Amino acid sequence: MLTDFFDTVVLGAGAAGLFCGARAGARGRRILVIDHAKRPAEKVRISGGGRCNFTNIDTAASNFLSANPHFAKSALARYTPWDFCGLVASHGLTWTEKTLGQLFCDQKSGAIIQMLLDELAAVGGELRLETEIRAVRHADSQFHVTTSGGEVSAKNLVVATGGLSIPKMGASGLAYEIARQFGHEVIAPRPALVPFTFSGALKETFSSLSGVSAPVDAHAEQGPAFHEAMLFTHRGLSGPAMLQVSSYWRESEPVSIDLAPGQPLAETLRAAKEASPRTSLKSWLTGWLPARFADYIATWPDIPGDKQLANLSNREIEAISLALTKWQIVPTGTEGWRTAEVTAGGVDTDGLSSRSMESKLVPGLYFIGECVDVTGWLGGYNFQWAWASAAAAAEAL
Ligand code: FDA
């Protein structure tokens, strides 16, 4: 069987792999990118509702989860959201900023994929799709990759096969297998940016509220508070606020929800009692919460929904305020890999150079993108990590 030789073989033609191939190719390296999928970068295609939220202009290391919160700093500082915007603009593409610094491509996600493919082709990078990776060996200072299309060899191997989320789209644990094979630790991967599920009475209630959404402040026991929308679904809770919280959540822990974010609720309620004493508590709730949600809240023990505001005691007002601003619920679980947008955990950053993503154990071996234990918040951060970690590796290849 013939062996093909390259300077670098990149495993995975997703966001990170294609970009890394293009950047390293631009430095004169002979590049091969391999993927088992029929089409490259399928997650880019479906991202951002088809419009690819390709970066976030407010990107900072604090927008990422990692066992080492400092690891991402170097790569993020050396390849910024504005660098990627420059590339996007140079391809004649434009973007729109939505909330919270999120940039979406006006020409849709297909245009971002085409841009990545054009960049790779322009530097003579080769892309082989529908190619299975069967084994990886390191011998004689070279990496040898056995694929369904034969053996390829290279001085450097970049692993960019992503995480475990959405197996239907070809996600696999290959990066973790290769990491372990070469002596790296892997921090247990877990689904992140994923809706919560509930069982029993809560599931039934939330299902009946499906489609209702409300702005909240929400946090897990160990995470920051996110001020975004919460959405009831047939299975439980979703919406940006809950997806963000899910990345920090651990099984059997409660999620804390403030339904009146930023409001001094007890004071507001006392003022309402003065201004509209005959209004019932439930009608007052409907003034700032969706009616179906307010109906549900009125069934809570501390919420005397039918009482007129005039008849609420100070103690009741305090209890109402507490119930609404410190609502705690314990999810049964999450929707898991089937719908998780990303994978938290992954190749332990302790074994990688933060400057180049190169293995500290095996020279020439690199891990980039989602397979690394660096997980972004919702809102373009994960792609920015894919671009930045790819650029960091490409500089060293
Ligand atoms: P990615 O998963 O993109 O690529 C890995 C590649 O490796 C794939 O092409 C796969 O086929 C290939 N591969 C896997 N196993 C293999 C094997 N065994 N053999 C050969 N090839 C293999 N992020 C963001 O910043 N903004 C957004 O708008 C969104 N939106 C979004 C929506 C949805 C529905 C999802 C699921 C995810 C997002 N994300 C996102 C997250 C983002 O898509 C993700 O973080 C990046 O695609 C990660 O890029 P990578 O290149 O690391 O992996």
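Described in the following lines is the structure provided in the data block. Quick caveat: nothing in here was measured; it's all calculated off a predicted structure.

Cut-offs and rules
All residue numbers refer to positions counted from 1 along the written sequence of the respective chain. Confidence filtering applies because this is a predicted model: local features only for residues at pLDDT of at least 70, side-chain atom pairs given and counted only at 80 or more, and all residues used for totals across whole chains, interfaces and linings. As a rule here, side-chain values come from all non-hydrogen atoms in the structure, and water together with hydrogens is ignored. Under the scheme used here, helices are H or I runs from DSSP no shorter than 4 residues and strands are E runs no shorter than 2 residues, and both carry numbers assigned from the N terminus. Exposure is judged per residue with a 1.4 Å probe applied to protein chains only, and the accessible area is read against the type maximum: over 50% gives exposed, under 20% gives buried, and values in between give partly exposed. By definition, residues are in contact when any of their heavy atoms lie within 4.5 Å. Computed by Shrake-Rupley with a 1.4 Å probe, the accessible areas treat only the displayed protein chains as cover when residues are assessed. We score Asp and Glu as negative and Lys and Arg as positive, and we do not count His or the chain ends. By convention, charge coordinates are those of NZ in Lys, CZ in Arg, CG in Asp, or CD in Glu. Working definition: residue near molecule or strand if any one of its non-hydrogen atoms lies within 4 Å of it. Here a polar contact is taken to be a pair of N or O atoms separated by no more than 3.5 Å, where protein atoms must pair a possible hydrogen donor with a possible acceptor and residues adjacent in sequence count only if both atoms sit in side chains. Three residue categories are used. Nonpolar comprises Ala, Val, Leu, Ile, Met, Phe, Trp, Tyr, Cys and Pro, charged comprises Asp, Glu, Lys and Arg, and polar comprises the others, including Gly. Working definition: rings of Phe, Tyr and Trp (its six-membered ring) pair if their centres are within 6.5 Å, and the pair is stacked with planes under 30 degrees apart, edge-to-face with planes over 60 apart, and tilted otherwise. Throughout this description, the term charge over a ring refers to an Arg CZ or Lys NZ atom that lies within 6 Å of the ring centre and within 35 degrees of the ring normal.

What follows covers the overall build of the chain. Across its full length, the chain holds 13 helices and 21 strands. Seen through its principal axes, the chain has C-alpha atoms that stretch 85 × 40 × 35 Å. When the 397 residues of the chain are sorted by exposure, 53% land in the buried category. Excluding contacts between residues fewer than 6 apart, the proportion of contacts in the chain whose partners are at least 24 apart in sequence is 72%. When the accessible surface of the chain is split by element, carbon and sulfur atoms take 51% of a total near 16,600 Å². The centroid of the 34 positive side-chain charges in the chain is displaced by 2 Å from the centroid of its 39 negative side-chain charges.

This part is about the site of the ligand. Around the ligand, the surrounding shell holds 29 residues, and the nearest of these are Ala16, Asp35, Ser172, Glu370 and Phe383. Note that an oxygen atom of the ligand is positioned 2.5 Å from one of the side-chain N or O atoms of aspartate 35. One nitrogen or oxygen atom from the main chain of asparagine 382 is found 3.4 Å from an oxygen atom belonging to the ligand. For the ligand, the protein covers 92% of the area, taking 1,000 Å² as the surface of the free molecule. Where the shell around the ligand is concerned, the elements lending two or more residues are α1 (15-25), α2 (42-46) and α13 (381-396). By residue class, the composition of the shell around the ligand is 12 nonpolar, 13 polar and 4 charged.

Bringing the packing of aromatic side chains into the picture now. All told, the structure shown has 25 aromatic pairs when counted by the stated rule. With centroids separated by 5.5 Å and ring planes inclined at 70 degrees, the aromatic side chains of tryptophan 284 and tryptophan 288 adopt a geometry described as edge-to-face. Exposure remark for tryptophan 284: the relative accessible area of 12% places this residue in the buried category. Ring centres of phenylalanine 383 and tryptophan 387 lie 5.6 Å apart, and the angle between their planes is 15 degrees; on these two criteria the pair is classed as stacked. Pair noted here: phenylalanine 383 and tryptophan 387 are both in helix α13, with a separation of 4 residues, about one helical turn. Using a relative accessible area of 15% as the deciding quantity, one classes phenylalanine 383 as buried. Just above the ring of phenylalanine 6 sits the side chain of arginine 30; from NZ or CZ to the centre is 4.4 Å.

Within helix α6 (residues 174-181) the residues assigned to the buried category are Leu174, Ala175, Tyr176, Ile178 and Ala179. Among the residues trailing α6, glycine 183 stands out with phi positive, at a value near 90 degrees.

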